[in-house]
Amino acid sequence: MVSEVRKITRNILCFLFVAALFVSCQTMAEAPDYSNPSSWAYLGIGKNQEADLFLICPTVDMGEDGRLNMSLSDEETKASFVGALNMERGIYEDAAVMYAPFYRQMTFPVYAERVAEDGEHLEIAYSDVEDAFIYYLENYNNGRPFILAGFSQGAQLALLLLENLFQDSDLQERLVAAYIIGWKVTEEDLWQYPHLKMATGGDDTGVIVSFNTEAPGVDDSIIVPAGTETAAINPLNWKTDSTKADKSMNKGACFTDYSGTVTSEVSNLTGAYIDDERGTLKAVDIVPEDYSSSLFPDGVYHLYDYQFFFRNLQENVSVRTEAWMNQEALNTAV
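The structure contained in this document is the topic of the report that follows. Note that this is a predicted model, so its numbers are computed, not measured. (Residues numbered from 1 in each chain as written. Predicted model: local features only at pLDDT ≥ 70, side-chain atom pairs only at ≥ 80, totals over all residues. Heavy atoms only, no water.)

Here we look at the pairing of strand β9 (residues 262-266)
What counts, and what does not: A pair of strands is treated as paired once DSSP finds two or more bridges between them. Numbered from the N terminus, helices here are DSSP runs of H or I no shorter than four residues, and strands are runs of E no shorter than two.
Bridging between strand β8 (residues 253-256) and β9 involves four bridges; their strand directions are antiparallel. From the neighbouring strand, Cys-254 faces β9, where its bridge partner is Glu-265. Hairpin remark: β8 followed by β9, antiparallel, with five residues in the connecting loop; positive phi at Gly-260, about 95°.

Right, here's the structure in full:
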């Protein structure tokens, strides 16, 4: 009887191993070919703009099938992928020609379980984004200035690009700004990668613009865990200290749909200040329950990082792009 149980157990373990290997191989076999236009959600969208945008999509795959990385053969999820990008594009499209790769992003359970910062699932997602970025540089950029941007998982992967590739002085010089919104940038990051520079005002270039929005009283989230401090800048007053920006400085919160259409806009929705301990952006003047989500506790405004400050960010992208162009003109004239 014991030997029979052992035999059954071995067979089950063997089956599970083969199944896991199959899923892993299937995922790896889906590695995108960025020479194929179908591997891009946005490929050179826009014209006559002076800069480019390399935009990395946030998490849209809920991982309901147990998969830790999105399948690029899942057309329904890819449609959501494009929709999520469309929700952000209005901030950037007036300033830049847009590029955004499809990639095998990590699924939401990876974040819910707080295991998004190491492991094969991260390696798969990041390797796709790095491959796409290098292909973009070698085949589409043509030496133009560019904006690097992402939200949530997209911001996490954009930060990894900065850490791993931007020791290159040429890339640093062509970077208008990196909008690393909805992901943390810690002192350890800045110490380990001294070429990273945080924004200190509204028009500096080659810098990281980052913040994570939450209500006063929140002291933990899956993006900024308790005990973690993140670097940030306030998108209302462009200060890095705890000076409160009044809601009168908020030029427009815009709520968008998957087509990119602004379905509603509210001026002066919320003021904000940077928390001295967490470095998070505390949004005031609003009721947490009014912005509830099934994915996050009340008061964690992660889903609204872009939307609460839409018009201020939109203006800032243009300001930083113009500042980069003006500095380049000065450098050329010398």
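What follows continues from the structure just given.
Focus: the sheet that holds strand β10 (residues 271-274)
Sheet architecture is open: three strands sit in the order β7-β11-β10, paired in mixed fashion. Only two strands of the sheet have a single neighbouring strand rather than two, namely β7 (213-214) and β10. In the sheet, β7 pairs with strand β11 (residues 281-284) via two bridges, with the strands oriented parallel. Bridge pairing in β11 links Glu-214 to Lys-282.

Describing the environment of Arg-278
The cut-off we apply is this: Think of it in three bands: with a 1.4 Å probe and only protein chains considered, a residue is buried below 20% of the maximum accessible area for its type, exposed above 50%, and partly exposed in between. It only takes one pair of heavy atoms within 4.5 Å for two residues to be counted as in contact.
Tracing the chain through its elements places Arg-278 in the loop between β10 and β11. Taking relative accessible area as the criterion, Arg-278 reaches 7% and is therefore assigned buried. Sequence separation between Arg-278 and Gln-172 is 106 residues, and the spatial gap between their C-alpha atoms is 28 Å. Here Arg-278 is in contact with Glu-214, Val-218, Asp-219, Asp-220, Ser-221, Val-224, Pro-225, Ala-226, Thr-228, Glu-229 and Thr-230, once residues within four sequence places are set aside.

Concerning the packing of helix α2 (residues 75-92) against helix α8 (residues 310-333)
Between two packed helices, both the angle of their axes relative to each other and the distance between the axes serve to describe the pair. Filter applied, for reference: All axes here are fitted lines through C-alpha atoms, helices being fitted over the stretch that makes contact, and every angle between N-to-C directions spans 0 to 180 degrees. Here is the rule for angles: anything less than 35 degrees is roughly parallel, anything more than 145 is roughly antiparallel, 65 through 115 is roughly perpendicular, and the remaining ranges are oblique.
For the pair α2 and α8, interaxial distance at closest approach is 7 Å and the crossing angle is 55°. When the interaxial angle is binned, α2 and α8 end up oblique. Each of Met-87, Gly-90, Ile-91 and Tyr-92 in α2 lies in contact with α8, whose residues at this interface are Phe-310, Leu-313, Gln-314 and Val-317.

So yeah, pure geometry; function would need other evidence.
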